[in-house]
Protein chains: 2
Amino acid sequence: MVLAPPLCPQSSGARRVKQPPSGPRGRRTGSATMLLHRAVIPCLRQACRLQSVPSRLCIRACSTNDSLQPQCPSLAFSGANSSTRGWRVMGTLLGLGAVLAYHDHRCRAAEKSSRIYTREEVKSHSSLETRIWVTLGCEVFDVTEFVDLHPGGPSKLMLAAGGPLEPFWALYAVHDQAHVREILAQYKVGELSSEDKAPSTLKTSDPYADDPVRHPALKVNSQRPFNAEPPPELLTENYITPNPIFFTRNHLPVPNLEPETYRLHVVGPPGCQSLSLSLDDLYQFPKHEVTVTLQCAGNRRSEMTQFKEVKGLEWNAGAISTARWAGARLCDVLAKAGHQLRETEAHVCFEGLDSDPTGTAYGASIPLARAMDPEAEVLLAYEMNGQPLPRDHGFPVRVVVPGVVGARHVKWLGKVSVEPEESYSHWQRRDYKGFSPSVDWDTVDFDSAPSIQELPVQSAITEPKDGETVQSGEVTIKGYAWSGGGRAVVRVDVSLDGGLTWQVAELNGEEQRPRKAWAWRLWQLQAPVPAGKKELNIVCKAVDDSYNVQPDSVAPIWNLRGVLSNAWHRVHVRVTP
Amino acid sequence: MVLAPPLCPQSSGARRVKQPPSGPRGRRTGSATMLLHRAVIPCLRQACRLQSVPSRLCIRACSTNDSLQPQCPSLAFSGANSSTRGWRVMGTLLGLGAVLAYHDHRCRAAEKSSRIYTREEVKSHSSLETRIWVTLGCEVFDVTEFVDLHPGGPSKLMLAAGGPLEPFWALYAVHDQAHVREILAQYKVGELSSEDKAPSTLKTSDPYADDPVRHPALKVNSQRPFNAEPPPELLTENYITPNPIFFTRNHLPVPNLEPETYRLHVVGPPGCQSLSLSLDDLYQFPKHEVTVTLQCAGNRRSEMTQFKEVKGLEWNAGAISTARWAGARLCDVLAKAGHQLRETEAHVCFEGLDSDPTGTAYGASIPLARAMDPEAEVLLAYEMNGQPLPRDHGFPVRVVVPGVVGARHVKWLGKVSVEPEESYSHWQRRDYKGFSPSVDWDTVDFDSAPSIQELPVQSAITEPKDGETVQSGEVTIKGYAWSGGGRAVVRVDVSLDGGLTWQVAELNGEEQRPRKAWAWRLWQLQAPVPAGKKELNIVCKAVDDSYNVQPDSVAPIWNLRGVLSNAWHRVHVRVTP
C-alpha cells in the first residue's frame, strides 16, 4: 500500500478556507474566467429554469491549458445518450464540477507522481477518512480536496470514490473536456499497475460470466442474477433515467443475442400461421414512442424488512426508473398475426430468451384487452432513450407495458401467444402477488390473489437522505411520484414533522396526459426549517387522479414477499445548529 | 298523551323467558307451524347459501287466521321491487319477523283498543323507555314485546319505531300477509285520529313542497335539499339497494317532470343539428343494463368532521348504494348526434332540469374519452332496479357513469353537449375536488386540483355499529367495499384489535368483471372474540386490483370540503362479559 502524498500541504486542516486570487496565476485565471463565464452562464440559466437549481454558484475557472490528454482510451458506455434535454442540463452542471473551481488558491499545477497502484489500492480510498481516489484511464487521482468544491455536489463525486471516473463522464459527457482534465491533473498521485490497466474478466464457467459490464454507480442488491438500483441522488437528477443507471431487475443470466439471427415467435390464433419476426420485420411496423416509468413490485422492500422479515431482494427506493421507449405496438403485431379482441377474458403470454439450467424461461402475461388497446400503448420495444436496448434491459426486444409492474415487461422477448389463462410461469402465478399481513408461508394460497398488474400510487424522497445532516435555514427536499394504470399524480404532500402538518410540493418533469400518465413526476419542496429544530422527520405522500393515496404505515401492508411497499416515505435528518 | 297499556303483563321483567307450548293454542299452532315450516325452510336455506345467514332460527308460527285485513290502503312506494333475488331472500327473512314467533306464550289474540292517538303521539313512542309504537293503516300498535322476537333482528323493527310500517312492508313485501297481520293485531292499542289518517302535505310556498315522499328509514342529513342515507344495518342487507332506501343526494328541489313532454336536448357538433329526444326516442336506442354502485364524494364525511370541522353534510357511511340501471348508452346517443372521439381532450357536459331560484341548473361533466368508450358503459338511464327512476333519483332520465363519483351522475337530465373544457358548473369547478390538509378557505385554489372523477378504494363496517355491545364467543362483522374506475375489490382485511392483526373477510355479492367492477362487494367475517376481551376496536380496509389500499387515518387526508374520506373504518364495541 502506498500512501498518497498530500497534494495541497497548505490546505491541510483548512479545507474550506477561501483565499483571494493573488500573484501572476490569479491574474491569468481572471481572463480565463471571463471566457468560461460567457460559455457557462446561459447553460446554468437554462438549468435553473428547468430544474430549479440554485444559481448561487461562484463561477471561476482555472486555466484553459489543453496539454494534458488521457493516455488510455475511455471505456465506452452504450447508453450514454447526452442528447436528451434533461441530461444535457444536468451533465452541464456536473461537468462544471471539474471545469470550475471556487478559489484561486487551488489554481496551480499538480505535482505528477509516477507511483504505481493496483485497482484494489485505489478502491480502498473511498472515504474522507482514507481519502478519495479515482482513476481516469491509467492515471490515479486523489480528489479529496475537490469533493466539497464539486458544483454538482459532494455526493455525486463520492459515487465514483475508489473507482474509475469514465462511467460517470460517459453519463455526463460535458466532463470530457480539456479544462476538466487540467483540473484533475492537479490531483494526480500515480498510475495503475500494468496488469490493472486492462479491464478484469469473469470466469467462463460461471453462467453469469457473459453478463454485461455495469455502471459502478449502481447499488447492487444481487450480483447473480444481477439486480441493482441507482443511488437516490442520481435517480431524480434527470426526468429520463440514463440507460447505464436505469434500475436492473434480472431473474436469470443475461442472454447474449445476435441481432442478425434474432427471431420473435408470435403464435397465431387457431387456424392461422404463426409469425417469425426478425428485427427488420419489427422495424416495418409503425414506430411508436412513449415515455414510461418502470417500477419493480419490490421497490422499497427494505422498509418492509425493517418491520418483519420478507423473502426478496433488499431494494431501497431506487427500483424505479423512467425511459423513452420506442418499438412496434403490440396491438399491431398481434393484429398482423390475426388476433383480435375476444368476448371472453384472454391473456397475452410472453416468454423471455433468458432461461435457468433446466431450460425454463422467464415468463409473464397481461390481459388481452390491455394488449389490444392502442391507447394502452403496449410496446415491443427495441429502443431505450434513442439507443438500442442495453443488454441488461432486454436487447434486442422487450415488452413495455405502461402503467404495469415491471415484472410483466418481459426482456429478451422470444415468444408471444394468446391464451385463455394467465401465463403458467412461476413469476405470474407464484410470485408478484399481494397478501394480507396475516398470511405467512404456511398459509399462503397463491391462487387466492390476483397477479399484480397495475401498481398503486407511490412516492419517495431522494434528497436529503436518511441520516444526513441538513443546514438550518432552508431545506430542499426532492423525490419522485408515480401511479399505475396511467393515473396522473395530482399532488405530493410533504411533512417536516412526521406527518402532523403538510406542505404541497412543486411538481416537475413532463406534463402527464390524461389516462396515459405512464411516467413519473419529479417534485421538490423548498421549506424553511422551523427555528430551533434539531431534527426533521421528513415524510412524503402522493395523490393520483383517482385520489388514491399512500397508506400511512408499513405494518398494515406488510406481506410475505415484501411487494407493493408504498407507505409514506420517511427520512430522518439532523439539522446543523 | 295516552299511555299504552302493557299488552303482556306476564312478560314484564321476563321478556326473554321461553316457555314450552301448552293448552289449545299451543296445539293449534303446532299444525300451522308445520305448514309454514314447509313453505319457509327452502327459502331460508337459500338465504343461508346466498347471504350466510345463521340458520339457527327456531321456526314456529302462531296462526293462519286470515280475518284481520287493513282498513286503510297502504302507501305505495314505487321502488318496492321484490323481484330481485337478493331482496326476495331478505324480504322473506324480514317477513318472518312477523310471521314467526319463537314462543307460544305470545300466541294469543290482542285486546283491541279503540283509543284514538295522533301521529305526534305515536312518534313519541320510539324507544324501549317510551315503548315502541307503530302504525299500519289507521291502526296503532305497541310492539315493544315483539321487538326482541323479530327474526330480522330488533334493529330492523326499530327503524319503524314511532311511525308507519307500510314503507318497510313495501320494501319487504312478504310482511303483507294475513298471518303477519294477525300477529300484529295482538298488539293493537288504538287508532289514529281522523285528521291524522290522511298523509300530511307541505306548504306550497316552499320550493321543496313538491318533493316526493321519502322512506322513513332514511337518515336525513338535510331536508332542503333532501339528502339522506340508509341506516347501515339495511345498507348491506341486500347486494342491490332497494330504491326507496337508496341514498339520496339532491342539490336543489326535485323537479316534477311529465314523461310525455320530457325532452333531452343533445347538442350536435358544429355544422350538425341538435337532437331533441323524447323518452320514446331514448327507448329506441339499444337498452343497456349494468349494475353500478354510486357513492357521494362526501360519504363518511362525519369522520373527517370529528378530526376538524369541514363544510358539508354530515354523511355517515351510507352515502353509497348499488342498483341495476338500464337505459341508452351515452356513446350511442352521442354518435347519433354526430359526435366522435377527438384528438384533443374534450368533455361531455350535462345539465339537470333542477335549478335554483336564479335559474341556474345543476351541472357536471366527464371526459369525452370515457363517454365515447362503449366499455365504460356510461348510461342515460331511465330504469333503476326494473322500475322507472324514482323522482329522487332523476325521473325520467339521469346519467350513470360507472366507477365515477356520484356528482357526475346528473339527474333530471335536460341537456348534453360536448365542449373543449369541463363544465363551468359550480359543482364541477368549485366543489368536489380534493386538497391537502394544509389548505384552508383562505388559501384554497380550486383551479389547482382536478375535479373528482374516479374515486379511491373504499370500505366500511355496517355491522356491528359503533358503541354496540356484542356477545362474547363469536362476532359477525359485515360491510361493503368498492373502488372507482372499474377496479375490482380483491381483499378486505378486518382487525379486532385496532389494526395490529388482521383477518381476511369473505367477499359476497356478484362476481366483478375485469376492468368493469362497477359495483361493490359485500363482505363478512365471523371471528372468535378473544377470551377476556371487554371491548373490540374493529377496523376494516380494502384492497383493489391495482393494489391500492385505504390510508390508516383520517387526519392526513382531511380536506376543507370533507370529501374522499376513505381511511380505515373503525367501530368500537363492548363485549358482554
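Residues numbered from 1 in each chain as written. Chains lettered and ligands numbered in written order. Predicted model: local features only at pLDDT ≥ 70, side-chain atom pairs only at ≥ 80, totals over all residues. Heavy atoms only, no water.

## Notes on the overall build of chain A
Then, number 1: Broken down by element type, chain A carries 13 helices and 27 strands.
Then, number 2: Once local pairs closer than 6 in sequence are excluded, the contacts in chain A between residues at least 24 apart make up 74%.
Then, number 3: Accessible surface, chain A: about 23600 Å² in total, of which carbon and sulfur atoms supply 52%. (Helix = DSSP H or I, 4+ residues; strand = E, 2+ residues; numbered from the N terminus. Contact = heavy atoms within 4.5 Å. Areas by Shrake-Rupley, 256 points an atom, 1.4 Å probe, with all protein chains shown as cover.)

## Some remarks on the confidence of the model for chain A
Residue and element names in this part refer to chain A.
Then, number 1: Here chain A averages 83 in pLDDT, and 79% of its residues register 70 or above.
Then, number 2: Residue range residues 1–111 is modelled with pLDDT below 50. Its contacts to residues more than four positions away, or to other chains, number 193 contacts.
Then, number 3: Among the prediction metrics, the complex's ipTM stands at 0.75, with pTM recorded as 0.76. (pLDDT = per-residue confidence, 0-100.)

## Notes on the pattern of salt bridges
All names here are of chain A.
Then, number 1: Using the criterion set out here, one finds 50 salt bridges over all chains in the structure.
Then, number 2: Here Asp211 makes a salt bridge to Arg214, at a shortest N to O gap of 3.0 Å. The same class applies to Asp211 and to Arg214, which are both buried.
Then, number 3: Here Arg329 ties to Asp332 by a salt bridge, and the two come within 3.4 Å at their closest N and O atoms.
Then, number 4: Counted as one network, the salt bridges with shared partners bring together Arg370, Glu454, Arg487 and Asp544. (Salt bridge = Lys/Arg side-chain N within 4 Å of Asp/Glu carboxyl O. Buried < 20%, exposed > 50% of the residue type's maximum accessible area, 1.4 Å probe, protein only.)

## Details of the environment of B:Ala161
Residues and elements named next belong to chain B.
Then, number 1: Mapped onto the elements, Ala161 comes out in the loop between helix H4 (154–158) and helix H5 (166–171).
Then, number 2: You can call Ala161 buried: its relative accessible area is 17%.
Then, number 3: The sequence separation of Ala161 and Lys123 amounts to 38 residues, and the corresponding C-alpha distance is 7.5 Å.
Then, number 4: Apart from residues lying up to four places away in sequence, Ala161 is in contact with His125, Ser126, Ile132, Trp133 and Val134.

## Examining the domain arrangement of chain A
Reports often express the size of an interface as the amount of accessible area lost when the parts come together.
Then, number 1: According to the domain assignment, chain A consists of domain 1 (116–192), domain 2 (219–430) and domain 3 (457–575).
Then, number 2: Averaged C-alpha coordinates put domain 1 of chain A and domain 3 of chain A at centres separated by 33 Å. (Domains from an automatic or database assignment.)

## Points about the sheet that holds strand E18 (residues 413–419) of chain B
Residues and elements named next belong to chain B.
Then, number 1: The sheet built from five strands is open, its strands ordered E10-E9-E18-E13-E14 with mixed pairing. A strand with exactly one partner marks an edge of an open sheet, and here the two such strands are strand E10 (275–277) and strand E14 (361–367). On average, each strand axis in the sheet is inclined to that of its neighbour by 15°, with strand direction left out of account. (Pairing = 2+ DSSP bridges. Axes fitted to C-alpha atoms, helices over the stretch in contact; angles between N-to-C directions.)

## Re the interface of chain A and chain B
Then, number 1: Contacts between the two partners involve 39 residues from chain A and, on the opposite side, 39 residues from chain B.
Then, number 2: The junction of chain A with chain B conceals about 2900 Å² of combined surface from both sides, 52% of it contributed by carbon and sulfur atoms.
Then, number 3: Looking at the side of chain A facing chain B, the largest losses of area belong to A:Arg515, A:Tyr547 and A:Asn548, adding up to 21% of the total buried there.
Then, number 4: Inspection of the chain A/chain B interface yields two salt bridges.
Then, number 5: Between A:Arg515 and B:Glu345 there is a salt bridge; the shortest N-O distance is 3.1 Å.
Then, number 6: Run the count over chain A and chain B and you get 21 residue pairs in polar contact (both at pLDDT 80 or more).
Then, number 7: Top contributing element to the side of chain A that touches chain B by residue count: strand E22 (residues 489–495) of chain A, with three residues.
Then, number 8: Of the residues contributing to the side of chain A that touches chain B, the split by class is 21 nonpolar, eight polar and 10 charged. (Buried area = accessible area lost by both parts, 1.4 Å probe. Polar contact = N/O pair within 3.5 Å; in protein donor to acceptor, adjacent residues only side chain to side chain. Nonpolar A, V, L, I, M, F, W, Y, C, P; charged D, E, K, R; others polar.)

## Quick look at the relation of the copies chain A and chain B
Then, number 1: Placing chain A over chain B gives an RMSD of 0.1 Å and needs a rotation angle of 180°, together with 0.0 Å of translation along the axis. Here the transformation between the copies is reduced to the relation of a two-fold axis. Distance from the rotation axis, computed per C-alpha, reaches its smallest value in chain A at A:Pro551: 2.1 Å.
Then, number 2: Both copies share a contact surface, since 100% of the interface residues of chain A are interface residues in chain B too. (Least-squares fit on C-alpha atoms with pLDDT ≥ 70 in both.)

## Digging into the environment of B:Ala317
Then, number 1: Mapped onto the elements, B:Ala317 comes out in the loop between helix H10 (301–307) and strand E12 (320–329).
Then, number 2: Separated by 84 residues in the primary sequence, B:Ala317 and B:Glu233 have C-alpha atoms spaced 11 Å apart.

## Examining helix H6 (residues 178–185) of chain B
Then, number 1: The buried fraction of H6(B) is high, at eight of eight residues.
Then, number 2: Within H6(B), burial applies to B:Ala178, B:His179, B:Val180, B:Arg181, B:Glu182, B:Ile183, B:Leu184 and B:Ala185.

## Quick word on the environment of A:Gly467
All names here are of chain A.
Then, number 1: Tracing the backbone shows Gly467 in the loop between strand E19 (458–463) and strand E20 (469–470).
Then, number 2: Residue class for Gly467 comes out exposed when judged on its relative accessible area of 53%.
Then, number 3: Sequence spacing of Gly467 and Arg574 is 107 residues, and the spatial spacing of their C-alpha atoms is 7.0 Å.

## Overview of the side chain of B:Ser483
Then, number 1: Within the secondary structure, B:Ser483 is located in the loop between strand E21 (474–482) and strand E22 (489–495).
Then, number 2: At a separation of 2.7 Å, a polar atom in the side chain of B:Ser483 contacts the side chain of B:Asp544.

## Here's the deal with the sheet that holds strand E4 (residues 139–142) of chain B
All names here are of chain B.
Then, number 1: Strand order in the open sheet formed by five strands is E1-E5-E4-E3-E2, and the pairing between neighbours is mixed. Strand pairing shows two members of the sheet lacking a second neighbour, strand E1 (116–117) and strand E2 (126–127), which therefore form its edges.
Then, number 2: Where E1 meets strand E5 (residues 188–192), two bridges bridge the pair, whose relative direction is parallel. Pairing of Ile116 across the sheet is with Glu191, part of E5.

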